[in-house]
Every structure is written in structure tokens, then in C-alpha cells.
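Chain residues, written in single-letter form:
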Amino acid sequence: MTGIPLGVLDLVPVSSGSSAPEALRHSIDLARQAERFGYARYWFAEHHLNPGVAGTSPAVLLALTASATSTIRLGSGAVQLGHRTALSTVEEFGLIDALHPGRLDLGLGRSGARPTKHPESPRATTDVVDGRAPNGLRIPPKFSPDRLLGSPRIALQRQLLQQPDARAQDYGEQIDDILALLRGEFRSAEGVEAHVVPGEGADVQVWILGSSGGQSAQVAGRHGLPFAANYHVSPATVLEAAEGYRAAFQPSDVLDKPYVSVSADVVVAEDDAAARELATGYGVWVRSIRTAEGAIPFPAPEEARAHSWSEADRALVADRVDTQFVGSPGRVADDLERLQEATGADELLITTITHRHADRVRSYELLAEEWRRR
């Protein structure tokens, strides 16, 4: 695996019995440690109205973390453009880049975007037999988000994030505007120029994040931008996402060939049993997300074991639980090699949640040590 970098994706998880301020301090500490361990990137996700997730504003988190680190690349995984404008996004990242030039990844996602009719996502051409790719990577059945999208909590979130009667811009058009503002080439329909200070000419690397081979993958390919596919969120569609992006790719000033990062949920400990114990709370935590309650504070193992599971509960989280990589450093590194081989990933993005901060730091440390040996 020499030459395949590892990055970190951080949701800023709040553990049961802890608090959001403590979670923020832990994330900044983890970023410092990840830099020391040799991780290439540290990305913050964006989530709202979740009691167990404090990562509400990637830009603010990046500004805080940039001051606490010195070399690791920092980015958003991803800015949710459905409730943002192109201008506000470029301004925020331009401000950070002005003081920390050349370290930022501007990861852009479609969450909350205006529904538009686009061609269906292409199906992956890789054969999946009995839930496995040819090399053994688990590819579970697709999860339907309809229950989530129709929930009152998600409707309230949309209401609170957007101005009254506001309408999200088409995602592809919004990406066009962001790139034009960064290049200093933006013109309105009437021919009026807009120049963002700071922001224009900012040395940021723009990424597109997506869970399928649909619009996000198509936009990334059309612009010749790097693309991040989400195995940890949507393992069923990771192959079609990567293939859809590569099929749409056109060389650009940024890239002459496709470049893909793939995420994975990981827990590493000294041995398999210890890792399974640390990961005990994961299923209960995913259930809280999938039932549209909002992510709960991450439970301790003994709290998670007290949960009474129904068959419906187990089915609801099966795809995520079955595709979490849990075990000793060697076992998890083998799993990650399999993920890289199946997807052709140029990078892997690791997200790890445990109840204790020290266990989370140690998981990343053990993985980094094992990865360097390969």
C-alpha cells in the first residue's frame, strides 16, 4: 500500500456523559495527533441538530484547527451547499486561506440541494455476487433514505437552515459559480463582475463528495476535480460512485486523470476482541441516525449492551454495521487494502468513533503504524 495516503474524517462526536466543548477540544487534539502520525488530511463533516455530533460548521472548525496544526491538510467533508451560497462559501474559505495558505481542501456536498431531474446513476459494472465484490469486499443492499427525508426533524432542519422562502441553487450551477469566483472569472447574466476579497485566487483544493454515480460524480468528472466516495455512509453504492466519476472525467488544469478518495468506518485496537468492545456502541448510534432521531451521544459499551434490539432495528443498521472495519491493526489494514483494490481508490479517508477519546487516538495511531509497514 505504499503511496496510498490515509486521511481522517471527523464528525466531532460527543460521547455520553461528555459535552460539546469537550468534544471540540478532543477533535483539535486528534488533529494534532493525526499530523504527528502522518495522516495526509483532516476533514470535518457538517451535521445539524444532532445531540451527539458537534461538527456544525466546517469552516469555523478548520480555522480553529489550522491554528493548532502546521502541516496537515485541512478540509470540509463536506460543506452542505443546499443552504449556502457560492459567495459565502468562497468568502469563508478565502478568509482561512489568507492566514493558512495552501493547506485547505474545499469539499462540497449536495445535502439539502434543490431536487432536480438528472440522468439515473449508472450501475456499477463490477460484478457483485452474494453481497461481495470479486475481491471479497462486502457490498450490501441499498439503504432507502425515504424515512429520513420525510421525517419532521429533517423538515425542521431545512426550515431552520434556510431563509424563509429561499430556494437552493442547482448544485451544478453552484459549483460553476464557486469555481468562477475562486478564479476571478465570475460574471452575472448581465455581465457584472464579482471579485471576492479574500477568496479570489485562494490556494484551496476543491473536492466533490458523493454517494452515487449521479450528479455529484458527474459534476466532479466534468470539471476534472478530485472526488470522494462514501463507503462509510453508503457502502452499497461506492462502486457505482467511483465508476460514474471515472466515466465522466475530463482532464483539467487541476488533474490529468481521475483521483478518488474513499471513506471507511474503522475501529482498531491491539487485538480483535478489544476492538469489538470499543465498537459496541456503533450499531445503537447508527440506529439513532437511521430512525431520524438525530445522532445520540456515542454510548459506552455497557450502555450499548443494554439496548433491546428488534429484528427491524437490526435490519435498519445492517449495511453500516456489516461494513465497519473492526479489529487488530493487521485485520483492519487487510480490510482497507480490499476496499482500495475494489474501488481503485487513490486515497482512503478514515472515520473512527469510540466512547473514550484515548481509544480513538490510539486507533488512529495503531492504523498509521501498520499502514507504514505495508
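This text follows the structure it describes.
Residues numbered from 1 in each chain as written. Predicted model: local features only at pLDDT ≥ 70, side-chain atom pairs only at ≥ 80, totals over all residues. Heavy atoms only, no water.

Any two side chains of opposite charge can pair if their charged atoms end up close together. A full pass over the atoms with the stated rule returns 23 salt bridges. Note that R356 and D359 form a salt bridge whose closest N and O atoms lie 2.9 Å from each other. You can call R356 partly exposed: its relative accessible area is 46%. R373 serves as the salt-bridge partner of E370, at 2.9 Å between the closest nitrogen and oxygen. Judged by relative accessible area, R373 falls into the exposed class, the value being 60%. A network of salt bridges, in which partner residues are shared, links D334, E337, E370, R373 and R374. (Salt bridge = Lys/Arg side-chain N within 4 Å of Asp/Glu carboxyl O. Buried < 20%, exposed > 50% of the residue type's maximum accessible area, 1.4 Å probe, protein only.)

Moving on, we get to the pairing of strand β8 (residues 260–268). With nine of its nine residues buried, β8 lies for the most part within the structure. Judged by which residues are buried, β8 turns out to be covered on both faces: V260, V262, A264, V266 and V268 on one side and S261, S263, D265 and V267 on the other are all buried. Both strand β7 (residues 227–230) and β8 contribute to a ladder of four bridges, which runs parallel. Bridge assignment links A229 to a residue of β8, and that residue is V262. Sheet analysis places β8 next to strand β10 (residues 347–351), joined by five bridges and oriented parallel. Residue pairing for β10: A264 is matched across the bridge by I350. Where β8 meets strand β9 (residues 325–327), three bridges bridge the pair, whose relative direction is parallel. Looking at β9, one finds that V266 is bridged to F325. (Helix = DSSP H or I, 4+ residues; strand = E, 2+ residues; numbered from the N terminus. Pairing = 2+ DSSP bridges.)

Turning our attention to helix α7 (residues 215–223). Summarising burial for α7: seven of the nine residues are buried, a large majority. For α7, the set of buried residues is Q215, S216, A217, V219, A220, G221 and H223. The inward-facing, buried residues of α7 abut α6 (171–183), β6 (204–210), β7 and α8 (238–248). (Contact = heavy atoms within 4.5 Å.)

Under the definition given, this model contains nine aromatic pairs. For the pair Y39 and Y364, a centre-to-centre distance of 5.5 Å together with 85° between the ring planes defines the contact as edge-to-face. With Y39 in the loop between α1 (20–37) and β2 (41–44) and Y364 in helix α14 (residues 357–372), this pair connects stretches of sequence that are 325 residues apart. Owing to a relative accessible area of 1%, Y364 belongs among the buried residues under this scheme. On the numbers, 6.0 Å between centres and 75° between planes, the contact of W207 with Y259 is edge-to-face. With W207 in strand β6 and Y259 in the loop between α8 and β8, this residue pair connects regions lying 52 residues apart in the sequence. (Phe/Tyr/Trp six-rings, centres within 6.5 Å; stacked < 30°, edge-to-face > 60°.)

Geometric descriptors of this kind do not, in isolation, establish any biological role.
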